[in-house]
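Take a look at the letters that make up each chain.
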Amino acid sequence: MTTRFTEDHEYIRVDGATGTVGITNYAQDQLGDIVFVELPSVGQKLKKGDEAAVVESVKAASEIYSPASGTVIEVNSALASEPGLINSSADADGWIYKLRLDNAAELDSLMDDAAYKKHTA
């Protein structure tokens, strides 16, 4: 399993042709307490960089952009009643959606863990 990061603080954890997308711990920390998540629709086609979801916190609303092109195959419906899962477990239980990737080569332009740590330092 490989994880890549965008400059806008989304992560995509890739397993085969499926990517699990969420926001990083850094992003949720900057946003503060998450109070609402607008999820994409299952079956929705996204291009890399498209707005896929919206996360609202007590401080601000933040668009979540797709780190890769593909089709939404699953959403984390638990976030509808428990948006705070993103705060307590951004990189595990707080994932936002899963994507069937159209072109895995798009991931090559994203940051690996070391580059992301530099980006947020």
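Now for a quick tour of the structure. Bear in mind that the values here come from a model prediction, so they are computed numbers and not experimental data. (Residues numbered from 1 in each chain as written. Predicted model: local features only at pLDDT ≥ 70, side-chain atom pairs only at ≥ 80, totals over all residues. Heavy atoms only, no water.)

## A word on the sheet that holds strand 5 (residues 45-46)
Here comes step 1: Pairing within the open sheet is antiparallel, and its six strands lie in the order 1-2-3-9-8-5. The sheet is open, and its two edges are formed by strand 1 (2-5) and strand 5, each paired on a single side.
Here comes step 2: Strand direction decides the pairing type here: strand 3 (residues 18-23) and strand 9 (residues 97-101), joined by four bridges, are antiparallel. Counted as the bridge partner of Val 21 is Tyr 97 from strand 9. (Pairing = 2+ DSSP bridges. Helix = DSSP H or I, 4+ residues; strand = E, 2+ residues; numbered from the N terminus.)

## Some words on the nonpolar core
Here comes step 1: Within the largest apolar cluster, 25 residues are counted, with the highest numbers of intra-cluster contacts made by Ile 12, Ile 23, Val 55, Ile 86, Ile 96 and Tyr 97.
Here comes step 2: When contributions to this core are tallied by element, the ones reaching two or more residues are strand 2 (10-15), strand 3, helix 1 (25-31), strand 4 (34-38), strand 6 (51-57), strand 8 (70-75), helix 3 (85-89) and strand 9.
Here comes step 3: If we skip the residues at most four places from it in the chain, Ile 86 touches Ile 23, Gln 28, Ile 34, Val 37, Val 55, Leu 79, Gly 94 and Ile 96.
Here comes step 4: In this structure, Phe 5, Tyr 11, Trp 95 and Met 111 belong to the second largest nonpolar core, which totals five residues. (Core = buried A, V, L, I, M, F, W, Y, C linked by side-chain atoms within 4.5 Å. Buried < 20%, exposed > 50% of the residue type's maximum accessible area, 1.4 Å probe, protein only. Contact = heavy atoms within 4.5 Å.)

## Observations concerning a negative patch on the surface
Here comes step 1: Among the surface-exposed residues, Glu 38, Glu 51, Glu 56 and Glu 63 lie close enough to one another that they form a single negatively charged patch.
Here comes step 2: Relative to the helices and strands, Glu 38 resides in strand 4. (Patch = residues over 30% accessible without salt bridge, like charges linked within 9 Å, V, L, I, M, F, W, Y side chains within 5 Å. Areas by Shrake-Rupley, 256 points an atom, 1.4 Å probe, with all protein chains shown as cover. Salt bridge = Lys/Arg side-chain N within 4 Å of Asp/Glu carboxyl O. Lys, Arg positive; Asp, Glu negative; His and termini not counted. Charge placed at Lys NZ, Arg CZ, Asp CG, Glu CD.)

## Thoughts on the side chain of Ser 69
Here comes step 1: For Ser 69, the location among the structural elements is in the loop between strand 7 (61-65) and strand 8.
Here comes step 2: Judged by relative accessible area, Ser 69 falls into the buried class, the value being 9%.
Here comes step 3: What Ser 69 contacts, discounting residues up to four positions off in sequence, is Leu 46, Lys 47, Lys 48, Leu 99, Arg 100, Leu 101, Asp 102, Asn 103 and Glu 106.

## Examining unusual backbone geometry
Here comes step 1: Of note, the phi angle at His 9 is positive, near 75 degrees, even though the residue is not glycine.
Here comes step 2: Secondary-structure assignment places His 9 in the loop between strand 1 and strand 2.
Here comes step 3: Under the relative-accessibility criterion, His 9 is labelled buried at 17%.

## Here's the deal with the environment of Ile 73
Here comes step 1: Positionally, Ile 73 belongs in strand 8.
Here comes step 2: For the pair Ile 73 and Lys 98, spaced 25 residues apart in sequence, the C-alpha to C-alpha distance is 5.7 Å.
Here comes step 3: The residues touching Ile 73, leaving out its near neighbours within four places in the chain, are Thr 18, Val 42, Lys 98, Leu 99 and Arg 100.

## Some details on the pairing of strand 2
Here comes step 1: One ladder, built from four bridges, connects strand 1 with strand 2; its direction is antiparallel. Along strand 2, the bridge assignment pairs Arg 4 with Ile 12.
Here comes step 2: Taken together, strand 1 and the strand that follows it, strand 2, pair antiparallel across an intervening segment of four residues, in which His 9 is found at a positive phi of about 75 degrees.
Here comes step 3: With six bridges connecting them, strand 2 and strand 3 associate as antiparallel partners. Counterpart to Asp 15 in the pairing with strand 3 is Thr 18.
Here comes step 4: The turn linking strand 2 back onto strand 3 is made up of two residues, and Gly 16 within it adopts a positive phi angle of 70 degrees.

## Description of the sheet that holds strand 7
Here comes step 1: Sheet architecture is open: three strands sit in the order 4-6-7, paired in antiparallel fashion. Each edge of the sheet is formed by a strand with only one pairing partner; in this case those strands are strand 4 and strand 7. Pairs of neighbouring strands in the sheet enclose a mean axial angle of 25 degrees, with direction left out of account.
Here comes step 2: By the bridge criterion, five bridges tie strand 6 to strand 7 in an arrangement that is antiparallel. Bridging from a neighbouring strand, Ala 53 pairs with Ile 64 of strand 7. (Axes fitted to C-alpha atoms, helices over the stretch in contact; angles between N-to-C directions.)

What is shown is where atoms sit, not what they do.
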